[in-house]
Amino acid sequence: MANADRVRVRGLSIARPIVYGNSARLLTSKERENVPPEHTHRWTVALRSAASAPGSDIVGGADDLGYFLKRVSFKLHETYPNPVRNIDKPPFELSETGWGEFEVHIKLHFIPESGEKVITIYHHLKLHPWSLSGDTESIPPLEVAQKAGTVHSWQYEEIVFNDPYQNFLNILTNNPPTPIPRTNTSGRTIPFHIGNPASFESLKGGVPEFTSLLEKDEAERLDKAKKLIIAEQEKTRALLIAKEKELARLQKMLNG
């Protein structure tokens, strides 16, 4: 490898959009014959490119992420045999059966050319249908779960590489990501988010899809929340100043 390739390009950042999460469904009576008796669901946890392939029935996955990821490790609940599962080539996903929800640790190992350290992200494995409150503890009756169909729980994220090595930058620029669409394509729905109650209607069917408009809406919601927090902080600050002035006035009266 030429020395010039190992020079970092200072002041430059380049990102790759991903989605990570899981889908889950109830096992059929036939399927339950071949799994432990307490298992009720089949689930798939995955890390994929953000854009979905045309005609695909999965969330994301339009691009092969193997050009910058060497391995993705999924750490499951300790009750699973070999709870750390290493996936060394795309698709970076894992399917299992089970009965309970738990936190999955997802470790991203980058190709040697990147010079990047392993990063870890966390995902709450979702098996049961969402409620509008986002409650993850309640388990609905079987008939409710059956009507709900496949449960989806996905998160959009951007992996940002700051000051990348020149050769790694070349790899990234030679593999541009498929852009996410501005709006949902046919048959696709809005990913559920408790901060966006309208998305609850999307849970009635369809495969979720992340869009640039959704990203914009999320940014606007975060900006609105930030402004509300700042306003509350200013109100609290003004109240404290008023109380301090009142305290100083009373102390002056006592001392006088």
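Residues numbered from 1 in each chain as written. Predicted model: local features only at pLDDT ≥ 70, side-chain atom pairs only at ≥ 80, totals over all residues. Heavy atoms only, no water.

(A) Region of the structure containing the overall build of the protein chain. The number of helices and strands found in the protein chain is three helices and ten strands. When the elements of the protein chain are put in sequence order from the N terminus, they spell out β-β-β-β-β-β-β-α-β-α-β-β-α. Burial statistics for the protein chain: of 256 residues in total, 34% are counted as buried. Within the protein chain, contacts between residues separated by at least 24 positions form 67% of all contacts whose residues are at least 6 apart in sequence. Split by element, the accessible area of the protein chain, about 15,500 Å² in all, is 55% carbon and sulfur. (Helix = DSSP H or I, 4+ residues; strand = E, 2+ residues; numbered from the N terminus. Buried < 20%, exposed > 50% of the residue type's maximum accessible area, 1.4 Å probe, protein only. Contact = heavy atoms within 4.5 Å. Areas by Shrake-Rupley, 256 points an atom, 1.4 Å probe, with all protein chains shown as cover.)

(B) Up close: the pairing of strand β1 (residues 13–26). The buried fraction of β1 amounts to ten of the 14 residues, a majority that puts the element mostly inside the structure. Here twelve bridges tie β1 to strand β8 (residues 151–162), and the two strands are oriented antiparallel to one another. Within β8, the position partnered with I18 by the bridge is E157. (Pairing = 2+ DSSP bridges.)

(C) Spotlight on the sheet that holds strand β2 (residues 41–49). Ordered in space as β5-β2-β1-β8, the four strands form an open sheet in which the pairing is antiparallel. Only two strands of the sheet have a single neighbouring strand rather than two, namely β5 (92–98) and β8. If you compare each strand with its neighbour and ignore which way they point, the axes differ by 15° on average. Relative to β2, β1 runs antiparallel, the two being bridged by nine bridges. When the sheet's bridge partners are listed, V19 is paired in β2 with R48. (Axes fitted to C-alpha atoms, helices over the stretch in contact; angles between N-to-C directions.)

(D) Broad picture of the environment of N162. Here N162 shows up in strand β8. In this structure N162 comes out as partly exposed when scored by relative accessible area, which is 46%. Distance from N162 to G11, taken between C-alpha atoms, is 7.4 Å for residues 151 residues apart in sequence. Those residues within four positions of N162 in sequence are excluded, and the remaining contacts are R8, L12, S13 and E116.

(E) Representation of the packing of aromatic side chains. Scanning all chains against the criterion turns up nine aromatic pairs. Summarising the aromatic geometry, the rings of Y67 and F68 are spaced 5.1 Å apart at their centres and angled 70° between planes, so their arrangement reads as edge-to-face. With respect to class, Y67 is no different from F68; both count as buried. Each ring, one from F68 and one from F161, has its centre 6.0 Å from the other, and the planes form 80°; the classification is edge-to-face. Of this pair, F68 sits in the loop between β2 and β3 (69–75) while F161 sits in strand β8; the two residues are 93 residues apart in sequence, bridging distant segments of the chain. For the pair shown, F68 and F161 are each scored as buried. Of the aromatic side chains, those joined through ring pairs into one cluster are Y67, F68, F110, F161 and F168. (Phe/Tyr/Trp six-rings, centres within 6.5 Å; stacked < 30°, edge-to-face > 60°.)

(F) Molecular detail of the pattern of salt bridges. Under the criterion given, the structure shown has nine salt bridges. Its salt-bridge partner being E232, residue K235 comes within 3.7 Å of it at the nearest N-O pair. Taken together, the residues span about one helical turn, with K235 and E232 both in helix α3 (residues 212–255) at a distance of three residues. E232 sits in the partly exposed class, given a relative accessible area of 44%. Between R249 and E246 there is a salt bridge, with the nearest N and O atoms lying 2.7 Å from each other. (Salt bridge = Lys/Arg side-chain N within 4 Å of Asp/Glu carboxyl O.)

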